[in-house]
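A look at the structure
Chain residues, written in single-letter form:
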Amino acid sequence: MDKPMSSTEDRVEDVIIIGTGCSGLTAAIYTSRANLNPLVIEGNLPGGQLTTTSEAENFPGFPEGIDGFLLMDNLRKQATHFGTRFEQGLIDSVDFSSSPYTLKAGDKTYRAKSVIISTGASPRLTGTPGEKELFGGGGVTTCATCDGAFYRDMDVVVIGGGDSACEEALFLTRFCSKVTLIHRRDELRASKIMSDRTLAHPKIEMCWDSVLTEINGVAEKSVSGVIVQNIKTNEFKEILCKGIFVAIGHTPNTKPFSEYITVDEEGYFLPEAGSQVRTNISGVYVSGDCADHVYRQAITAAGMGCQAAIEAERWLAGNE
Ligand code: NAP
């Protein structure tokens, strides 16, 4: 006799939202407020990237700025208030070949008429030998907000030249004795306001035109320094440090879906022409950083979540 289906497998949701960053939670607020009773599948980082940011200064409506964690907590409460349901799980495969669509998280199976994918993007690493071994407790990290306080009165380095690298470096000045920002070019990619603040900070030293070639301390399981190469002069030098904060951008979390949904050469979802959120699969929408390599802001991710929710609502109404 066939194994009976579990209640989760039996049930067909109107809409499943994957991800609880700004985009997924905004989609949840809109779809729950539209009485669609959405189920949100929450991955490894509840609240998404903003929970690893110290302060969001540019999210409209908060003239004094707002703590990233608090902002996400507020979005979650707002979604819950309208009836959003949350379940923990990592969607590892999907079947979008026929409707209702099937999503699997380990041995759990979900079915839904429409799906909003807001899986965000994950921090990239440099690939330098020793980086993986020392990631986490060994001194290599991608999150100053999470780990900065462990480096009180110590010297650290930050890798990267974008807004994230500047934000990490500035945050670390609260704890660390010195922050060296290692960037592969001779000018920052970051916005002017962040660049100006970074370059003016007395605790931040710039190491221009340089790439990481080695991490010292692998045998001792604890970072003791880095070797960098100046790509203009080819000279190597050692910078002594206890922590390495890597802030060189992100990789979109699109893999489990890329068999069905078109992605570009960097792996970002490619929406259908004329829409930011509609995909090549009817009733399946994408929103936020997994589908946006241009703007990548909390507010644009939230806006895409809203668009995806309205699209899903209209699509469901047209397909009842
Ligand atoms: P990003 O803007 O893509 O910058 C990545 C940086 O890392 C660039 O400077 C890049 O160098 C460098 N890089 C890339 N690969 C590298 C490698 N293998 N080795 C060494 N360096 C490498 O990424 P982001 O800083 O994470 O920012 C992402 C988006 O979020 C942006 O749109 C940003 O404006 C936004 N953001 C905004 C705020 C804010 O408004 N407060 C805060 C954080 C992020 P090159 O410059 O040479 O390419």
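Relevant structure appears above.
Summary of the structure given here. (Residues numbered from 1 in each chain as written. Predicted model: local features only at pLDDT ≥ 70, side-chain atom pairs only at ≥ 80, totals over all residues. Heavy atoms only, no water.)

Here the focus is the pattern of salt bridges. Enumeration according to the criterion identifies 13 salt bridges in this entry. Residues Arg11 and Glu13 are paired through a salt bridge, measuring 2.9 Å at the closest nitrogen-oxygen approach. We classify Glu13 as buried; its relative accessible area is 7%. The closest approach of N and O atoms between Arg85 and Glu13, which form a salt bridge, is 2.5 Å. Here Arg85, found in strand β5 (residues 85-88), pairs with Glu13, found in strand β1 (residues 12-18); they are 72 residues apart in sequence, far enough to count as distant. With a relative accessible area of 25%, Arg85 lands in the partly exposed category. Among the charged side chains, a network of salt bridges with common partners joins Arg11, Glu13 and Arg85. (Salt bridge = Lys/Arg side-chain N within 4 Å of Asp/Glu carboxyl O. Buried < 20%, exposed > 50% of the residue type's maximum accessible area, 1.4 Å probe, protein only. Helix = DSSP H or I, 4+ residues; strand = E, 2+ residues; numbered from the N terminus.)

Here the focus is the state of the cysteines. Any covalent bond linking the sulfur atoms of two cysteines counts as a disulfide. Across all of its chains, the model carries one disulfide by this definition. Between the sulfur of Cys143 and that of Cys146 lies a disulfide, 2.0 Å long from S to S. On the S-S bond that ties Cys143 to Cys146, the torsion sits near 75°, and the link is right-handed. Here Cys143 falls in the buried class, since its relative accessible area comes to 7%. Left without a disulfide partner, Cys176 is nearest to the cysteine sulfur of Cys241, which lies 10 Å away. (Disulfide = S-S within 2.5 Å.)

Bringing the sheet that holds strand β13 (residues 204-207) into the picture now. Spatially, the five strands line up as an open sheet ordered β10-β17-β11-β12-β13, and their pairing is parallel. Two strands in the sheet have a free side with no partner beyond their single neighbour: β10 (140-141) and β13. Here strand β12 (residues 178-182) pairs with β13 via four bridges, running parallel. The partner of Val179 across the bridge, within β13, is Ile204. Its contacts with the sheet place helix α5 (residues 163-172) against β11 (155-159), β12, β13 and β17 (243-246), and it is angled at close to 170° to β11. (Pairing = 2+ DSSP bridges. Contact = heavy atoms within 4.5 Å. Axes fitted to C-alpha atoms, helices over the stretch in contact; angles between N-to-C directions.)

A few words now on the packing of α5 against helix α6 (residues 192-200). Axes are the key here: two packed helices are described by the angle between their axes and the distance separating the axes. With their axes 9 Å apart at the nearest point, α5 and α6 run at an angle of 40° to one another. As summarised for this structure, α5 and α6 are arranged oblique, according to the angle between their axes. Between α5 and α6 the crossing geometry is left-handed. For the pair formed by α5 and α6, the contact residues are Asp163, Cys166, Glu167 and Leu170 on the first element and Met194, Arg197 and Thr198 on the second. A per-class count over the contact of α5 with α6 returns three nonpolar, one polar and three charged. (Parallel < 35°, antiparallel > 145°, perpendicular 65-115°, else oblique. Left-handed = near helix turned anticlockwise from the far one by under 90°. Nonpolar A, V, L, I, M, F, W, Y, C, P; charged D, E, K, R; others polar.)

Take the layout of surface pockets next. When its volume is computed, the second largest pocket comes out at roughly 170 Å³. Contributing to the lining of the second largest pocket are Thr26, Ile29, Tyr30, Phe59, Phe62, Leu71, Asn74, Leu75, Gln78 and Ala302. Going through the elements one at a time, α2 (22-33) and α3 (68-81) are the ones with two or more residues in the lining of the second largest pocket. Per-element accounting of the lining of the second largest pocket gives the leading share, four residues, to α3. (1 Å grid on protein atoms, 1.4 Å probe; cavity = no way out; pocket = protein on both sides within 12 Å on 5 of 7 lines; lining within 4 Å. Points joined across faces, edges and corners; volume = space filled by probe spheres on them.)

What follows covers the packing of aromatic side chains. Counting across every chain of the model gives six aromatic pairs. On the basis of an interplanar angle of 80° and a centroid distance of 5.5 Å, the ring pair of Tyr151 and Phe245 is categorised as edge-to-face. On the criterion of sequence distance, the pair formed by Tyr151 in the loop between α4 (144-147) and β11 and Phe245 in strand β17 is long-range, its members being 94 residues apart. Judged on exposure class, the residue Tyr151 and its partner Phe245 are both buried. (Phe/Tyr/Trp six-rings, centres within 6.5 Å; stacked < 30°, edge-to-face > 60°.)

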